[in-house]
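Single-letter residue listing:
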Amino acid sequence: MNNNCKNILELFCESLDSILSEDKLRLIEKHISECENCKKEFEKILITASKLKELNNFIESISPEKTITLKIMNSIKDEFARNKSDSFKQCLISDNELDNISAAGNNSITPPSMQNRITPPEINPSITPPNVF
Amino acid sequence: MKTEINSDNIKEDIEIIEEVLKGDVEKFETLVLKYQTMIFRFVLKHIYDIDAAEELTQEVFLASFKCLNAYKKNSKFSSWLFGISVNIIRNYINRDLKKKRKCVSIDSLVKSPYAENKILENIADKYECKKCIKAIKNLPEDLREVCVLVALEEKSYIETGEILKLPVGTIKSRMFRARQKLKDTLS
């Protein structure tokens, strides 16, 4: 596979995930009409994409047990009760503070000055999203 | 059906989060009801075990509650939940791998038929679906995460980048590599 074929193949894969410009689409079409190898590759990728779609449809038909909401809320209420008197209470912010944050144009619900004390110490940093810490 | 996210939805979520942060814990249930199925299915697309997916879904919501104050209003709450889910899934897979390596007990050798029925590879009707599950499970972690978000969850490269904290170029190239690997196995 030469570099041109690889670039077109990348573009073709991109076209499955996002909307490409007319120019790029024409480039792909032109290449397919001229390169038999790439045409075969594209067909294989399309087969794979349709299988992934089929798998997705299968998973989207599965739902969690109805009791899951109750289980989640019970664990959350337990957690809240455990921390009511200390860390979680500290992280609650007043309306005034919220207004001040908005006025300052800060997008964060929590004022930066509170970041250290509001994070409950028992949270494992590895389970928080990358943007949190 | 996937939960449609629009600006009204985001505003609604932020209002609920503010209420929860003021101490109204019951309000959190609205968010749980709205996103639990979405997160459960997202987890399932990584681990293909219904029981474990339910447990991890609970972990995701508990972790999100614990650090709710760190949620930034400028991102979608659903994306934030996806970010937490990715970390919890990584921990689970690493834990599971370690367990498999270290402990081969009699219990693990005698497989419960109930547990077997909760593994997607066993209940998927079609052979092709089973093959697809196996192929995704065999992808390296970095490619699998991108593949599930882009090809299954149909997230844009930009949103996937936000969730995984990676540049769009990295997402694009990982997705290309994932498609190449899957193509070799599935076509």
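Note that the coordinates shown come from a computational prediction; the quantities given were computed from them, not determined experimentally.

Undergrad: Just checking my understanding: could you explain the overall build of chain A for this structure?
TA: Within chain A one finds seven helices and zero strands. Listed by position from the N terminus, the elements making up chain A come as α-α-α-α-α-α-α. Among the 133 residues that make up chain A, the fraction classed as buried is 20%. Of all intrachain contacts in chain A linking residues separated by at least 6 positions in sequence, the fraction that spans at least 24 positions is 45%.

Undergrad: What exactly am I supposed to notice about the overall build of chain B here?
TA: Helix and strand content of chain B: 11 helices and zero strands. Moving toward the C terminus, one meets the helices and strands of chain B in the order α-α-α-α-α-α-α-α-α-α-α. When burial is assessed residue by residue, chain B has 42% of its 187 residues classed as buried.

Undergrad: Help me understand the nonpolar core in this model?
TA: Generally speaking, nonpolar side chains in soluble globular proteins are found buried as a group. Counting residues in each nonpolar core, the largest one holds 66 residues, and the members touching the most others are B:I39, B:V43, B:V60, B:L81, B:V146, B:C147 and B:M175. When sequence neighbours within four positions are dropped, the list of residues in contact with B:C147 reads B:I136, B:L139, B:M175 and B:A178.

Undergrad: Is there a simple way to explain helix α1 (residues 3–17) of chain A in this structure?
TA: Note that an α-helix has 3.6 residues per turn; residues three or four places apart therefore point the same way. Helix length check: α1(A) (15 residues) gives 22 Å between terminal C-alpha atoms against 21 Å at 1.5 Å per residue, within 8%. Taken as a whole, α1(A) has its buried residues at A:I8, A:L9, A:F12, A:C13 and A:D17.

Undergrad: Honestly, the interface of chain A and chain B in this entry has me stumped. Any pointers?
TA: Many analyses report the size of an interface as the accessible area lost when the parts associate. With 50 residues of chain A in contact, the opposing surface of chain B contributes 57 residues. Counting only elements with at least two residues in the side of chain A that touches chain B, the list comes to α1, α3 (36–60) and α4 (68–83) of chain A. Broken down by element, the residue count for the side of chain A that touches chain B peaks at 12 residues, all from α3(A). A breakdown of the residues in the side of chain A that touches chain B according to their chemical character gives 26 nonpolar, 13 polar and 11 charged.

Undergrad: Looking at this structure, how should I read the environment of A:T48?
TA: Among the structural elements, A:T48 can be located in helix α3. Among all residues touching A:T48, those that are not within four sequence positions of it are B:R179, B:L182, B:K183, B:L186 and B:S187.

Undergrad: Would you explain the confidence of the model for chain A in this entry?
TA: Close reading of the predicted structure is inappropriate where its pLDDT is low. In this model, chain A carries a mean pLDDT of 73, and residues with pLDDT of at least 70 account for 62%. Per-residue pLDDT stays below 50 along residues 89–133 of chain A; that stretch engages in 66 contacts with residues further than four places along the chain or on separate chains.

Undergrad: Can you walk me through the environment of A:K71 in this structure?
TA: Mapped onto the elements, A:K71 comes out in helix α4. For A:K71, a count of 17 C-beta atoms within 10 Å translates into the label partly exposed.

Undergrad: Explain the confidence of the model for chain B to me, please; I cannot follow it from the model alone.
TA: A residue-level look at chain B finds 83% of positions with pLDDT of 70 or above and a mean pLDDT of 87. Predicted complex, confidence summary: ipTM 0.84, pTM 0.78.

Undergrad: When you look at unusual backbone geometry in this model, what are you seeing that I'm missing?
TA: Trans is the common state for peptide bonds, and a negative phi is the common state for residues other than glycine. Residue and element names in this part refer to chain B. The phi dihedral of E154 falls on the positive side, at around 55°, and the residue is not glycine. Along the polypeptide, E154 turns up in the loop between α9 (141–152) and α10 (157–164). Even without being glycine, K165 reaches a positive phi, approximately 60°. Looking at the secondary structure, you find K165 in the loop between α10 and α11 (168–186).

Each value, and the rule that gives it
- Residues numbered from 1 in each chain as written.
- Chains lettered and ligands numbered in written order.
- Predicted model: local features only at pLDDT ≥ 70, side-chain atom pairs only at ≥ 80, totals over all residues.
- Helix = DSSP H or I, 4+ residues; strand = E, 2+ residues; numbered from the N terminus.
- Buried ≥ 20, exposed ≤ 12 C-beta atoms within 10 Å, placed from the backbone.
- Contact = placed C-beta atoms within 7 Å.
- Core = buried A, V, L, I, M, F, W, Y, C linked by C-beta atoms within 7 Å.
- Expected span 1.5 Å × (residues − 1).
- Nonpolar A, V, L, I, M, F, W, Y, C, P; charged D, E, K, R; others polar.
- pLDDT = per-residue confidence, 0-100.

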